[in-house]
Amino acid sequence: MNAGTSVTSNGIQSNTLNVGGKVQIRSNTGTAPSILAGTTRVASLTITAGTGGGQLDLTNNRLIVSAASGSHAAIVNTLVGYAVSGRQAGNVGIYSSTLPANTVIAVADNADLHKSSFGGISGLTDDNVLVTAAHLGDANLDGKVDDSDLNLLLTHFGSSSLAFSAGNFDATGTVNDSDLNILLSNFGFTGGPVNLLPTVETVSSPMLVANTTAPVPEPASLAVLAMGGAALLRRR
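A brief structural summary. (Residues numbered from 1 in each chain as written. Predicted model: local features only at pLDDT ≥ 70, side-chain atom pairs only at ≥ 80, totals over all residues. Heavy atoms only, no water.)

1. Topic: the sheet that holds strand 1 (residues 6-9)
Logical step 1: Pairing within the open sheet is parallel, and its four strands lie in the order 1-3-5-7. Only two strands of the sheet have a single partner each, and these edge strands are strand 1 and strand 7 (93-95). Pairwise comparison of adjacent strand axes, ignoring direction, gives a mean angle of 15 degrees for this sheet.
Logical step 2: Across three bridges, the pairing between strand 3 (residues 22-25) and strand 5 (residues 55-57) is parallel. For Lys-22, the partnering residue across the bridge sits in strand 5 and is Gln-55. (Pairing = 2+ DSSP bridges. Helix = DSSP H or I, 4+ residues; strand = E, 2+ residues; numbered from the N terminus. Axes fitted to C-alpha atoms, helices over the stretch in contact; angles between N-to-C directions.)

2. Remarks on the sheet that holds strand 2 (residues 13-19)
Logical step 1: Pairing within the open sheet is mixed, and its five strands lie in the order 2-4-6-11-8. Sheet topology places strand 2 and strand 8 (103-109) at the edges, where each strand pairs with a single neighbour. Adjacent strand axes in the sheet meet at a mean angle of 35 degrees, parallel and antiparallel pairs treated alike.
Logical step 2: Bridge analysis of strand 2 against strand 4 (residues 40-47) gives six bridges, and the strand direction is parallel. In the sheet register, Gln-13 faces strand 4, and the bridge partner there is Arg-41.
Logical step 3: Of the strands in this sheet, strand 4, strand 6 (63-66), strand 8 and strand 11 (128-135) touch helix 2 (residues 72-86), which is tilted by about 170 degrees from strand 8. (Contact = heavy atoms within 4.5 Å.)

3. Some details on the pairing of strand 4
Logical step 1: Here strand 4 pairs with strand 6 via three bridges, running parallel. Along strand 6, the bridge assignment pairs Val-42 with Val-65.

4. Comments concerning helix 2
Logical step 1: An ideal rise of 1.5 Å per residue puts 21 Å on 15 residues; helix 2 measures up with 21 Å between its terminal C-alpha atoms.
Logical step 2: Within helix 2, burial applies to His-72, Ile-75, Val-76, Leu-79, Val-80, Tyr-82, Ala-83 and Gly-86. Buried residues of helix 2, viewed axially, fall in a sector of 160 degrees; they line one side.
Logical step 3: Each element contacted by the buried residues of helix 2 is listed here: strand 4, strand 6, strand 7, strand 8, helix 3 (110-113) and strand 11. (Expected span 1.5 Å × (residues − 1). Buried < 20%, exposed > 50% of the residue type's maximum accessible area, 1.4 Å probe, protein only. Arc of directions from axis to C-beta.)

Here it is as structure tokens:
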């Protein structure tokens, strides 16, 4: 679609989506079949950059980019760039006009999560890239920040992956102490999937906002965190 044009849709299923103007996916009710209708799936996504560039407003919906085999890492980087840009004034890129507090648009590499379905669409492969709103620290997009998310971060600690699913919550060059601090600041969050939609499976370029109301981890969880920290020290 061309610059200066605006389109509102219930969801897009297309081989190629080129966004030069504004595309908004209508908010869905969170129940089938609307959750399926609201999930956009494309093989290629291009958003025009710069002032007056393209805007993709997901509202409370999900996006699946069906990458060709072996190309998902590059697509993750491109989509993270769109999500970071979408946080800036003008929202050029991918964003949500209904984003709840302490959440971000997350870009997840399904090679990390191995999800078979997402947003009501099944048949996914590890080459798919998943985009949705997610709570900071919720690397596996299950609506909680817990040991499973910590394990994903520790597995990728020091890597250059920009994926939210790798624990790169600040969308910088590597998974590092900054990302670990974000996770720990939100550890214990159990608020459930963003917008209470079922099966949150797909994010993000996070805004660095700590959840100051998160419960204090239980002793067993503290032990896991301690072991994780020790593992990081040994790797340095």
